Amino acid sequence: MRTRNLLGLGAIVLLTACGGGSTAMPLTIVPTPTPTPTPSPTPTPAPTPGPKPTQPTIVSEFSFANDSNGFQAGFADYTPGQEGAVAFVAGPERLPSPLANLSGYAVSAANPSGDVFTYIWKLVTGLAPNTSYQVTFSVHFATNAVPGCPGGPGENVWVKAGAVAAAPAQVTQNGRVTVNFDKGNQGTGGANLTVLGNFAQGTAAGTCAAPLYAERTLSSGSVVPTVVSNANGQAWIVIGLDSGFAGTTKIYYLDGAATFSPSTS
C-alpha cells in the first residue's frame, strides 16, 4: 500500500515537471522589426549654363594703293535700257594732279535717272557663324566736288556704307534696276547701309568751273547698321554713292576699314 502511494506521487511530480496540468506557460511574441526605408538619392542639379563666350571684334582694312583689293563694283537705280547713258566705269587708277602720287579705285557714272547708285563690295571671312555684328566704317577717298557749286555735285551725293549677309546683286523691281539689299534712298539710309556724309570737299580745292581733287575721310556716326553673318562666318561690306546730282560723279576710293563688333542687343 505504501509503495503504491509513492508511485502515484512520483507520477504527479513527473507530470508537473513536464508541463502537465491546466496552467499554460505564457507565450512571448517578438514583434517583426519595421524595415528602415532606403533614402532616395538626391538628384544632381543640372549645371547652370555660363555666359556665352564673347566673340572677338574683327577689323577688315582695305587699301587701293596697288589694285582693287578684291572689291567688285556695280550700279543701280535706273530704268532698263539706260545702261549706255549711265556710262559706268570702275577700276584702279592713278589720281590726277595735285594727287598724282596716289592710286585709288575709281568709280564713275552719269545720272540719267536722277537717282543712280554706284557701289563697291567685298567678301569678309573669319566672322563667327550666325552672329549679329554692328559694323562701323572709316572711308578715305578723293572728291572733286567743290562745296556750294550749282546743282550740288557734293551736297546732293551721299556716301553710304554697311554690310549684308548675301552677295550684292542687281534685281529688277517695278520696272527699275535696283539692288538686293536695303540702302535707303539718296540722303536717307536703309536697314543695311547708313549715310556717312555727303561727297562735298571739306575745304574747296579749285573752283566750280575748274575743280581739283582733294582727300576726305568719313566715319560712321550714331546710326550703325547690323548684319548677321551667314553659316560660314561671312558677310559682304558695301560702300557706295547715292546721287541726286544730275551730272557725272567720279570718286577715287583710297583706303579704309570696316569694324565688326559683336552686337550685345
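Note that this is a predicted model, so its numbers are computed, not measured. (Residues numbered from 1 in each chain as written. Predicted model: local features only at pLDDT ≥ 70, side-chain atom pairs only at ≥ 80, totals over all residues. Heavy atoms only, no water.)

Caption draft 1: Seen up close, the pattern of salt bridges. Per the stated rule, a full pass over the model turns up five salt bridges. For lysine 183, the salt bridge identified is with aspartate 77, shortest N-O distance 2.8 Å. On the criterion of sequence distance, the pair formed by lysine 183 in the loop between strand S9 (176-179) and strand S10 (193-198) and aspartate 77 in the loop between strand S2 (72-76) and helix H2 (83-86) is long-range, its members being 106 residues apart. There is no split in this pair, since lysine 183 and aspartate 77 are both buried. In this structure, lysine 183 engages aspartate 242 in a salt bridge whose closest nitrogen and oxygen atoms are separated by 3.0 Å. Of the two residues, lysine 183 sits in the loop between S9 and S10 while aspartate 242 sits in strand S13 (residues 235-243), which places them 59 residues apart along the sequence. The buried category is assigned to lysine 183, whose relative accessible area is 4%. The network of salt bridges with common partners includes Asp77, Lys160, Lys183 and Asp242. (Salt bridge = Lys/Arg side-chain N within 4 Å of Asp/Glu carboxyl O. Helix = DSSP H or I, 4+ residues; strand = E, 2+ residues; numbered from the N terminus. Buried < 20%, exposed > 50% of the residue type's maximum accessible area, 1.4 Å probe, protein only.)

Caption draft 2: Quick look at the packing of aromatic side chains. Scanning the model with the defined rule gives 13 aromatic pairs in all. What links up through ring pairs into an aromatic cluster is the set Phe62, Phe64, Phe71 and Tyr105. (Phe/Tyr/Trp six-rings, centres within 6.5 Å; stacked < 30°, edge-to-face > 60°.)

Caption draft 3: Region of the structure containing the side chain of glutamine 186. By secondary structure assignment, the location of glutamine 186 is in the loop between S9 and S10. A polar side-chain atom of glutamine 186 sits 3.3 Å from the main-chain carbonyl oxygen of glycine 114. Residue contacts for glutamine 186: discarding those within four places in its chain leaves Gly114, Asp115, Trp158, Lys160, Val195, Asp242, Ser243 and Gly244. (Polar contact = N/O pair within 3.5 Å; in protein donor to acceptor, adjacent residues only side chain to side chain. Contact = heavy atoms within 4.5 Å.)

Caption draft 4: Main features of the environment of valine 135. In this structure, valine 135 sits in strand S6 (residues 132-143). Taking the relative accessible area as the measure of exposure, valine 135 reaches 1% and is therefore buried. Valine 135 sits 91 residues away from threonine 226 along the chain, and the two C-alpha atoms are 6.1 Å apart. Apart from the residues within four sequence positions on either side, valine 135 is in contact with Ala163, Ser220, Val224, Pro225, Val227, Ala258, Thr259 and Phe260.

Caption draft 5: Local environment of the state of the cysteines. This model, assessed by the stated rule, comprises one disulfide. With its sulfur 2.0 Å from that of its partner, cysteine 149 forms a disulfide with cysteine 208. Between cysteine 149 and cysteine 208, the disulfide has an S-S torsion of -95° and is therefore left-handed. Taken as a pair, cysteine 149 in the loop between S6 and strand S7 (157-164) and cysteine 208 in the loop between S10 and strand S11 (214-219) lie far apart in primary sequence, 59 residues in all. Taking the relative accessible area as the measure of exposure, cysteine 149 reaches 10% and is therefore buried. (Disulfide = S-S within 2.5 Å.)

Geometric values such as these leave the question of function open.
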